[in-house]
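The primary structure of each chain is shown beneath.
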Amino acid sequence: MNIAVLGSNGFIGKSLVNYLKTNHKVFPLYRETNLLDFNIVKNFLFKNEITVVINAAAVMKNNFFDVQNNLGIFFNFLNNHDHFIKFIDISSGAAYNKNRNIDNISEERIFEIIPSNFYDYSQNLKIRTCYEIPNAVSLTIFNCFGSNEIDTRLFPSILKNKDVVINNDRYFDYFCVQDFLKVVEYILSNLKIKHLNLVYKNKYKISDVAKKFIKLNNLNKKIIIESESDLNYTGNGDKLNNLNLQLNGLEYGLKNY
């Protein structure tokens, strides 16, 4: 396949490019390309005979300008959906409104929720739109982790700091990048899926995941929980689990970080 990967500078985008290029012709796209220009996007798709578009481009800031750009890129490609086989959008669990308690929430409930800020609302809108487009699918990530992620995240901070300080400890879904890539590979050849939460069945607090990471990697670290929160951030993984993809699982991702 000829696959365009939007947001190829980010952790998710880079992981997709490196994984897919072994079996497909991959076209990495960056923000330096004017993806907000509809004609540039249309010409790119025709010139390179793109068969699949994967949208991993998103500035994760809650301001109107960045959200407007995120949606502009999304719709510029989606409006050309009849010229390629599949559009895969990588969305965020924020679509379920991070200002509320998101507790084992199922995909279908996306239609019951109207988020209260710009970024969350834009993610919600993308998922709703993908339901309406025959060849579009939304993969919703709560947290995808891997060895090349930015160093401000949980696991890099555990490795570089003496103590592990956790603010707002709560139930929180982590999903390893190896399993994310396995799901994408499946979606490339399956047209029936419309929306999937990329989460594991078992739910853990951030502190529990940190303890697992420390134990599996034989680290000598102390965990300090400064505060706890009732605003959990977890999705229901039944639809993903029913696909029987033989995912590696959370512990594998933590041990092989």
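The text that follows walks through the structure, step by step, so that each part is easy to find. (Residues numbered from 1 in each chain as written. Predicted model: local features only at pLDDT ≥ 70, side-chain atom pairs only at ≥ 80, totals over all residues. Heavy atoms only, no water.)

1. Structural notes on the overall build of the protein chain
Item 1. In terms of regular secondary structure, the protein chain is built from nine helices and 12 strands.
Item 2. The globule rule puts the C-alpha radius of gyration for 257 residues at 18 Å, and the 18 Å found for the protein chain is close to it.
Item 3. Across its three principal axes, the protein chain shows a C-alpha extent of roughly 55 × 40 × 35 Å.
Item 4. In the protein chain, of all internal contacts separated by at least 6 residues, the share reaching a separation of at least 24 is 77%.
Item 5. Per element, the accessible surface of the protein chain, about 12500 Å² overall, is 48% carbon and sulfur. (Helix = DSSP H or I, 4+ residues; strand = E, 2+ residues; numbered from the N terminus. Rg over C-alpha atoms; globule rule 2.2 N^0.38 Å. Contact = heavy atoms within 4.5 Å. Areas by Shrake-Rupley, 256 points an atom, 1.4 Å probe, with all protein chains shown as cover.)

2. Concerning the environment of I224
Item 1. For I224, the position within the fold is in strand 11 (residues 222-225).
Item 2. Along the backbone, I224 and P115 are 109 residues apart, and their C-alpha atoms lie at a distance of 32 Å.
Item 3. If sequence neighbours within four positions are ignored, I224 has contacts with D163, V164, V165 and I166.

3. Some remarks on the side chain of S92
Item 1. Counting through the fold element by element, S92 comes out in strand 4 (residues 86-92).
Item 2. Residue classification places S92 among the buried positions, given a relative accessible area of 10%.
Item 3. Those residues in contact with S92 that sit more than four places away from it in its chain are Y119, Q123, T140, I141 and Y233. (Buried < 20%, exposed > 50% of the residue type's maximum accessible area, 1.4 Å probe, protein only.)

4. Some thoughts on the packing of aromatic side chains
Two descriptors summarise a pair of aromatic rings, namely the distance from one centre to the other and the angle between the planes of the rings.
Item 1. One pass over the structure, following the stated rule, counts 17 aromatic pairs.
Item 2. Look at F172 and Y233: their rings are 5.1 Å apart centre to centre, the planes differ by 50°, and that puts the pair in the tilted class. Of this pair, F172 sits in the loop between strand 8 (163-166) and strand 9 (175-176) while Y233 sits in strand 12 (residues 233-235), and the two are 61 residues apart along the sequence.
Item 3. With relative accessibility at 10%, the residue F172 sits in the buried group.
Item 4. Above the plane of the ring of Y233 lies K98, whose end atom (NZ or CZ) is 4.6 Å from the centre. (Phe/Tyr/Trp six-rings, centres within 6.5 Å; stacked < 30°, edge-to-face > 60°. Lys NZ or Arg CZ within 6 Å of the ring centre and 35° of its normal.)

5. Some words on the nonpolar core
Item 1. L16, L139, F155 and F180 are the most contacted members of the largest nonpolar core, which has 62 residues in total.
Item 2. At seven residues, the largest contribution of residues to this core is made by helix 6 (residues 177-188).
Item 3. Ignoring any residue separated from it by four or fewer positions in sequence, one finds L139 in contact with I88, D89, I90, S91, V183, V184, I187, L196 and L198.
Item 4. Membership of the second largest hydrophobic core comes to 20 residues, among which are A4, L35, F44 and F87. (Core = buried A, V, L, I, M, F, W, Y, C linked by side-chain atoms within 4.5 Å.)

6. Structural notes on helix 1 (residues 11-20)
Item 1. Counting buried residues in helix 1 gives seven out of 10 residues, a clear majority hidden from the surface.
Item 2. Summarising the contacts, the buried residues of helix 1 are in contact with strand 1 (2-6), strand 2 (25-29), strand 3 (52-55), strand 6 (136-141), strand 7 (144-145) and helix 6.

7. A closer look at the pairing of strand 8
Item 1. Burial along strand 8 is one-sided: V164 and I166 are buried, and none of D163 and V165, which face the opposite way, are.
Item 2. Examined bridge by bridge, strand 8 and strand 11 share four bridges and lie parallel to one another. Note that in strand 11 the partner of V164 across the bridge is I223. (Pairing = 2+ DSSP bridges.)

8. Here's the deal with helix 6
Structural remark: α-helix, 3.6 residues per turn; residues separated by three or four positions point the same way.
Item 1. Taking 1.5 Å as the rise per residue, helix 6 with 12 residues should run 16 Å; its terminal C-alpha atoms sit 17 Å apart, in good agreement.
Item 2. For helix 6, the complete set of buried residues consists of V177, D179, F180, L181, V183, V184, I187 and L188. (Expected span 1.5 Å × (residues − 1).)

9. A closer look at the packing of helix 1 against helix 6
When two helices pack together, their arrangement is given by the angle between the helix axes and by the axis-to-axis distance.
Item 1. Their axes nearest at 11 Å, the elements helix 1 and helix 6 cross at an angle of 60°. Taken together, helix 1 and helix 6 sit at an angle that is classed as oblique. Handedness of the crossing formed by helix 1 with helix 6: right-handed. Contacts from F11, I12, S15, L16, Y19 and L20 of helix 1 reach helix 6 at V177, F180, L181, V184, E185 and L188. (Axes fitted to C-alpha atoms, helices over the stretch in contact; angles between N-to-C directions. Parallel < 35°, antiparallel > 145°, perpendicular 65-115°, else oblique. Left-handed = near helix turned anticlockwise from the far one by under 90°.)

Scope: geometric values only; no functional claims are made or implied.
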